[in-house]
Amino acid sequence: MQSVSHHSLFDSVALGAVRCPNRFAMAPLTRNRTKQPGNIPTELNATYYAQRAQMGLIVSEATQVSQEGQGYLWTPGIYTQAQIDGWKLVTHAVQAAGGRIALQLWHVGRVSHSSLQPGGGKPLSPSGVGDPTLKTFAIGPSGAPGPVDCTPPREMSHADIERTLDDYTIAARNAKLAGFQCVEIHAANGYLIEQFLVPGTNRRTDGWGGSVEKRGRFLVEAFARVAQVFGKDRVGVRLSPNGAFNAMPEFAEWREQFDHAAHALRGAMYLHLYDQASPESRGCGREYAGELRKRFGGPLILCGGFTPEEAQRCIDAGQCDMVAFGKAAISNPDLVARVRAGLPLAPWNQATFYGGGAEGYTDYPTAT
Ligand code: PHB
């Protein structure tokens, strides 16, 4: 029998140790507007996030745990004192406006370019498997920023794996210093942790690959490191089961892989699924979200092109507890109040998603 919930999007929900006043999450969104050099958050970023403080939970844009973890120009980091100080502006502004924000901890793995790597080196990945179609945004051959082919990666040594796990510990400590009350581990969308989960990009035969459990080990260990700092009930995890984004190869046993992850992550603050299923792309589908929610036994956030009406239907069907909105949260800073008032949603301008300043960032008006 399908489990049925009677919660409205406007009802509060407990995500681990954090109580959220409604079930609208702001999805993590890359906006490439940090101070240069140094990839440092600023007052402008603080204004943007604080404008959206009515969202039940804000998940920050993906934030690299180390320089090696960076894959795109101008994304923020959480590994220098200046970045910690910049993020303090954000957490203070959001909390002063009554909001809750999780920092999303990110390592891109193979989705990078040597111009972004320490010493101009090759990006890291579990098995050195690249993909000729994989692109990122970096300084190209002409010296100008633009889309570039990713640099073929190298296979991580055991020392690389240990160092990278240490980077998660340090990043979590820094997030705490910066005032975040919770964090989200980015294990989705073809970045490092998903490269460990998927056999096409993890061909290892040591303790870190070769079976469902071994491919899942990097995620489980990264979670343990971060939970050591925050407590399990303040660490969420984002997954994109059966996703194709960033040229991820398909594999038959994806359900077993993600069932294992959900079970191993029991006690986490939440699971956050980006369901990439659409007429153009593979994804896990809404029914699988409901199955994973049961297996995990805790709150599940679902993301993937939702309207508020569809979001309510998924909550009603027991497929999720909360829904994350991306583009709608960019163009509607008062999204929750607008939906509650039955007002139409403002359209977004794709041209101002990435890079630039206040235009298309902090200048979308409220309607309530
Ligand atoms: C991006 O910067 O394009 C990006 C970042 C993180 C994601 C997906 C896309 O999870």
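Throughout what follows, the structure given in this document is the object of discussion.

Within the protein chain, the secondary structure is distributed over 10 helices and 14 strands. Since a compact globule built from 368 residues should have a radius of gyration of about 21 Å, the 19 Å found for the protein chain is in line with a globular shape. Its C-alpha atoms give the protein chain principal-axis dimensions of about 55 × 50 × 40 Å. Of all 368 residues assigned to the protein chain, the portion counted as buried reaches 58%.

This next bit is on the pairing of strand β12 (residues 270–274). The buried count for β12 comes to 4 of 5 residues, which makes it a mostly enclosed element. In this sheet, β12 lies alongside strand β11 (residues 235–239) in parallel orientation, the contact comprising 4 bridges. By the bridge assignment, valine 237 is partnered in β12 with leucine 271. With respect to chirality, the unit in which β11 leads through helix α6 (residues 254–264) into the neighbouring parallel β12 is right-handed. Direction of pairing for β12 relative to strand β13 (residues 300–303): parallel, over a ladder of 4 bridges. Within the sheet, the bridge partner assigned to leucine 273 lies in β13 and is leucine 302. Following the backbone out of β12, through helix α7 (residues 286–296) and into the adjacent parallel β13, one traces a crossover that is right-handed.

Here the focus is the environment of valine 336. If you trace the backbone, valine 336 turns up in helix α10 (residues 335–341). Residue valine 336 is classed as buried on the basis of its relative accessible area of 7%. Along the backbone, valine 336 and alanine 171 are 165 residues apart, and their C-alpha atoms lie at a distance of 31 Å. When residues no more than four places from it in sequence are discounted, the contact partners of valine 336 are Phe10, Asn22, Phe24, Gln54 and Met55.

Turning to the packing of aromatic side chains, a few remarks are in order. For the structure on display, the rule yields 15 aromatic pairs. Taken together, a centroid distance of 4.0 Å and an interplanar angle of 20° make the contact between tyrosine 48 and tyrosine 361 stacked. Here tyrosine 361 lies in the segment after α10 and tyrosine 48 lies in helix α1 (residues 43–51), a separation of 313 residues in the sequence. Residue classification places tyrosine 48 among the buried residues on the basis of a relative accessible area of 0%.

In the vicinity of the ligand, the residues found are Thr30, Tyr72, Trp106, His186, Asn189, Tyr191 and Phe245. Separating an oxygen atom of the ligand from a side-chain N or O atom of histidine 186 is a distance of 2.7 Å. Taking asparagine 189, its side chain carries an N or O atom lying 2.6 Å from an oxygen atom of the ligand. Summarising the interface, the protein chains cover 79% of the accessible area of the ligand, which totals 280 Å² for the free molecule. Of the residues assigned to the shell around the ligand, the class counts are 4 nonpolar, 3 polar and no charged.

Cis geometry marks the peptide bond from glutamine 36 to proline 37; its omega dihedral reads -5°. One can find proline 37 in the loop between β3 (24–26) and α1. We note that asparagine 189 has phi near 60°; this positive angle belongs to a residue other than glycine. Of note, asparagine 189 is situated in the loop between β10 (182–186) and α4 (192–197). Phi is positive for asparagine 242, which is not a glycine, with a value near 60°. Checked against the element boundaries, asparagine 242 lands in the loop between β11 and α6. Look at asparagine 242 and you get buried, because its relative accessible area is 12%.

Another aspect to go through is the pattern of salt bridges. Any two side chains of opposite charge can pair if their charged atoms end up close together. Per the counting criterion, the structure on display carries 13 salt bridges. Here arginine 204 and aspartate 206 are joined by a salt bridge, their closest N and O atoms 2.7 Å apart. The exposure class assigned to arginine 204 is buried, which follows from its relative accessible area of 7%. For the salt bridge of glutamate 253 with arginine 215, the shortest nitrogen-to-oxygen distance reads 3.5 Å. Residue glutamate 253 is found in the loop between β11 and α6, and its partner arginine 215 is found in helix α5 (residues 212–230); the two are separated by 38 residues along the sequence.

Reading guide: rules and limits
- Residues numbered from 1 in each chain as written.
- Predicted model: local features only at pLDDT ≥ 70, side-chain atom pairs only at ≥ 80, totals over all residues.
- Heavy atoms only, no water.
- Helix = DSSP H or I, 4+ residues; strand = E, 2+ residues; numbered from the N terminus.
- Rg over C-alpha atoms; globule rule 2.2 N^0.38 Å.
- Buried < 20%, exposed > 50% of the residue type's maximum accessible area, 1.4 Å probe, protein only.
- Pairing = 2+ DSSP bridges.
- Right-handed = clockwise from strand over helix to strand, strands pointing away.
- Contact = heavy atoms within 4.5 Å.
- Phe/Tyr/Trp six-rings, centres within 6.5 Å; stacked < 30°, edge-to-face > 60°.
- Near = heavy atom within 4 Å.
- Polar contact = N/O pair within 3.5 Å; in protein donor to acceptor, adjacent residues only side chain to side chain.
- Areas by Shrake-Rupley, 256 points an atom, 1.4 Å probe, with all protein chains shown as cover.
- Nonpolar A, V, L, I, M, F, W, Y, C, P; charged D, E, K, R; others polar.
- Salt bridge = Lys/Arg side-chain N within 4 Å of Asp/Glu carboxyl O.

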